[in-house]
Amino acid sequence: MPLDPFLADKVHLLDGLDWPHVQSDPQAAARLGEYLRDPGEWTAPDVSVEDRTVPGPHGRIPIRIYTPATEPGRALLWLHGGGFQGGDLDMPEAHQVSAELSSRASALVVSVDYRLAVNGTHYPVPVDDADAAWLWLGETLRLRSGSSGPVALGGASAGAAIALSTAIRLRDLGQRRPDALLLAYPFAHFPTPALDADTRVEMEALPPLLRFTTEGIESMVRNYVGRLSDLPPSAMPGAADLRGLPATGIVLAQYDDLRPSGELLERQLGEVGVGVRSYLAVGMTHGHLNRSPSLKEVDRSLDFLAAVLADGAPGAEAE
């Protein structure tokens, strides 16, 4: 299937743009804003929202808590994307996704404003923050109800990598592991596997603003870890031991240079006996959960993640 028709009609707005151009030129920024305008405005579901901070090894960690109108039967710790160096609690991939999953799965969702890889901050600091928020959530649920019930861990793009790294750490330390993992277009491998030939040809028509180049991927990894060589396996966690992880659901975007990482991760998890299923958002580009559910594939992606949150993924965990 080609690029989603709604996006295809607007993609010309990005011709000739790059991020420095968008950041310095108001007209370029306006063109990007028009491209990002969706067919319908997002209407927030009926959930209550609370901002607070929790303790962590590097200082207080801002979080945002989403509580559904009905009694929550499960919980989720959610980590936004942003290339390890961008994003916040207000971006749609954090705020909108958390509110939607809270409502659709009747779940308590905690979105984490983990420390970004800026100003000399590197791995494992973002994972430390995610780990601390996870431990706080488990203890809070235990004190609130006497038992925490099913609790999932998830994230998008770089946030998916941090979520996976956190799950590996919890397993290795013998701490409570998530009951499920929810990963949206994960960036889990370096080097990133290559696109298949047909997709590579199709994506050549996309503007640079929608692509991940080899140089750009290297820059993200160097910024996050501080180097390109001798990477800790859990930093880019597709290289780590994945045995014993919880059932996992993976959302993939069709037109995404990082899609092969998610596809390889799915095969790796299946190979070691982890229950895994995936959903391919046809016609979508990387980061499509930053768009409104008025786009059908965004809505379907959210439904898929909500179903994994509510029911888990099929298959047994490896021991």
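Colleague: Can you break down the environment of L258 residue by residue, with the values?
Modeller: Here L258 is to be found in the loop between β7 (248-255) and α9 (259-271). Under the relative-accessibility criterion, L258 is labelled buried at 1%. Excluding residues within four positions of it along the chain, L258 makes contact with P186, F187, T192, F212, I217 and H286.

Colleague: Would you mind going over unusual backbone geometry in detail, with residue names and values included?
Modeller: Across the chain, the bulk of peptide bonds are trans and the bulk of non-glycine residues have phi less than zero. For the bond running from Y123 to P124, omega is 10 degrees, close enough to zero to count as cis. Position of P124 among the secondary structure elements: in the loop between β4 (107-112) and α5 (125-145). A cis amide bond, omega -5 degrees, links F190 with the succeeding residue P191. By the secondary structure assignment, P191 is in the loop between β6 (180-184) and α7 (197-203). Although it is not a glycine, F84 adopts a positive phi angle of roughly 70 degrees. Along the chain, F84 falls in the loop between β3 (74-79) and α4 (95-104). On the basis of relative accessible area, F84 is assigned to the buried category, the value being 1%. Positioned with a positive phi, N119 is a non-glycine residue whose angle comes to about 55 degrees. Note on N119: relative accessible area 79%, which makes it exposed.

Colleague: Talk me through the pattern of salt bridges; I want residue IDs and the actual numbers.
Modeller: The final tally for this structure, using the stated rule, is 18 salt bridges. Its salt-bridge partner being D299, residue R104 comes within 2.8 Å of it at the nearest N-O pair. With R104 in helix α4 and D299 in helix α10 (residues 296-311), the pair connects residues that are 195 residues apart, well separated along the chain. Residue R104 is classed as partly exposed on the basis of its relative accessible area, which comes to 28%. Across the pair D179 and R176 runs a salt bridge whose closest N-O atoms are separated by 2.7 Å. Taking the relative accessible area as the measure of exposure, D179 reaches 39% and is therefore partly exposed.

Colleague: Could you give an account of helix α6 (residues 158-173), naming the residues involved and the relevant values?
Modeller: Taking 1.5 Å of rise per residue, the 16 residues of α6 would be expected to cover 22 Å, and the 23 Å separating its terminal C-alpha atoms lies within 8% of that figure. Counting buried residues in α6 gives 13 out of 16 residues, a clear majority hidden from the surface. G174 occupies a position one or two residues after α6 and carries a positive phi of about 70 degrees.

Colleague: Any details on α10? Residues and values, ideally.
Modeller: Every α-helix winds through 3.6 residues per turn, so residues three or four apart in the chain are directed the same way. Compared with the 22 Å implied by 1.5 Å per residue over 16 residues, the 22 Å span of α10 between its first and last C-alpha is a close match. Among the residues of α10, those classed as buried are E297, V298, S301, L302, F304, L305, A306, V308 and L309.

Colleague: Quick one: what's the story with the sheet that holds strand β5 (residues 151-156), residue by residue and with numbers?
Modeller: Spatial ordering of the open sheet is given by β1-β2-β4-β3-β5-β6-β7-β8, a layout of eight strands whose pairing is mixed. Pairing within the sheet leaves two strands with one partner each, and these edge strands are β1 (47-54) and β8 (276-285). Across the sheet, the mean angle from the axis of one strand to that of its neighbour is 20 degrees, orientation sign disregarded. Alignment of β5 against β6, held across five bridges, turns out to be parallel. Bridging from a neighbouring strand, A156 pairs with A184 of β6. Each of β3, β5 and β6 is contacted by α6, which is oriented at about 145 degrees to β5, the strand it contacts most. Its contacts with the sheet place α10 against β3, β4, β5, β6, β7 and β8, and it is angled at close to 165 degrees to β8.

Colleague: Explain the packing of α4 against α10 to me, using residue names and the numbers behind them.
Modeller: Where α4 meets α10, the closest approach of the two axes is 9 Å, and the angle between their N-to-C directions is 55 degrees. When the interaxial angle is binned, α4 and α10 end up oblique. As α4 runs across α10, the sense of the crossing is right-handed. Contacts between α4 and α10 involve V97, E100, L101 and R104 on the former and, on the latter, D299, L302, D303, L305, A306 and L309. Partitioned by chemical class, the residues of the contact of α4 with α10 number six nonpolar, no polar and four charged.

Colleague: Any details on the packing of aromatic side chains? Residues and values, ideally.
Modeller: Two measures describe an aromatic ring pair: the distance that separates the ring centres and the angle between the ring planes. For the structure shown, the criterion picks out four aromatic pairs. Between F84 and F187, the ring centres sit 6.0 Å apart and the planes meet at 45 degrees, which makes this aromatic pair tilted. Linking F84 in the loop between β3 and α4 with F187 in the loop between β6 and α7, this pair joins segments that are 103 residues apart in sequence. Three or more aromatic residues joined by ring pairs form one cluster here, namely F84, Y123, F187 and Y224. Over the aromatic face of Y35 sits the side chain of R291, whose NZ or CZ is 5.0 Å from the ring centroid.

The rules behind each value
- Residues numbered from 1 in each chain as written.
- Predicted model: local features only at pLDDT ≥ 70, side-chain atom pairs only at ≥ 80, totals over all residues.
- Heavy atoms only, no water.
- Helix = DSSP H or I, 4+ residues; strand = E, 2+ residues; numbered from the N terminus.
- Buried < 20%, exposed > 50% of the residue type's maximum accessible area, 1.4 Å probe, protein only.
- Contact = heavy atoms within 4.5 Å.
- Salt bridge = Lys/Arg side-chain N within 4 Å of Asp/Glu carboxyl O.
- Expected span 1.5 Å × (residues − 1).
- Pairing = 2+ DSSP bridges.
- Axes fitted to C-alpha atoms, helices over the stretch in contact; angles between N-to-C directions.
- Parallel < 35°, antiparallel > 145°, perpendicular 65-115°, else oblique.
- Left-handed = near helix turned anticlockwise from the far one by under 90°.
- Nonpolar A, V, L, I, M, F, W, Y, C, P; charged D, E, K, R; others polar.
- Phe/Tyr/Trp six-rings, centres within 6.5 Å; stacked < 30°, edge-to-face > 60°.
- Lys NZ or Arg CZ within 6 Å of the ring centre and 35° of its normal.

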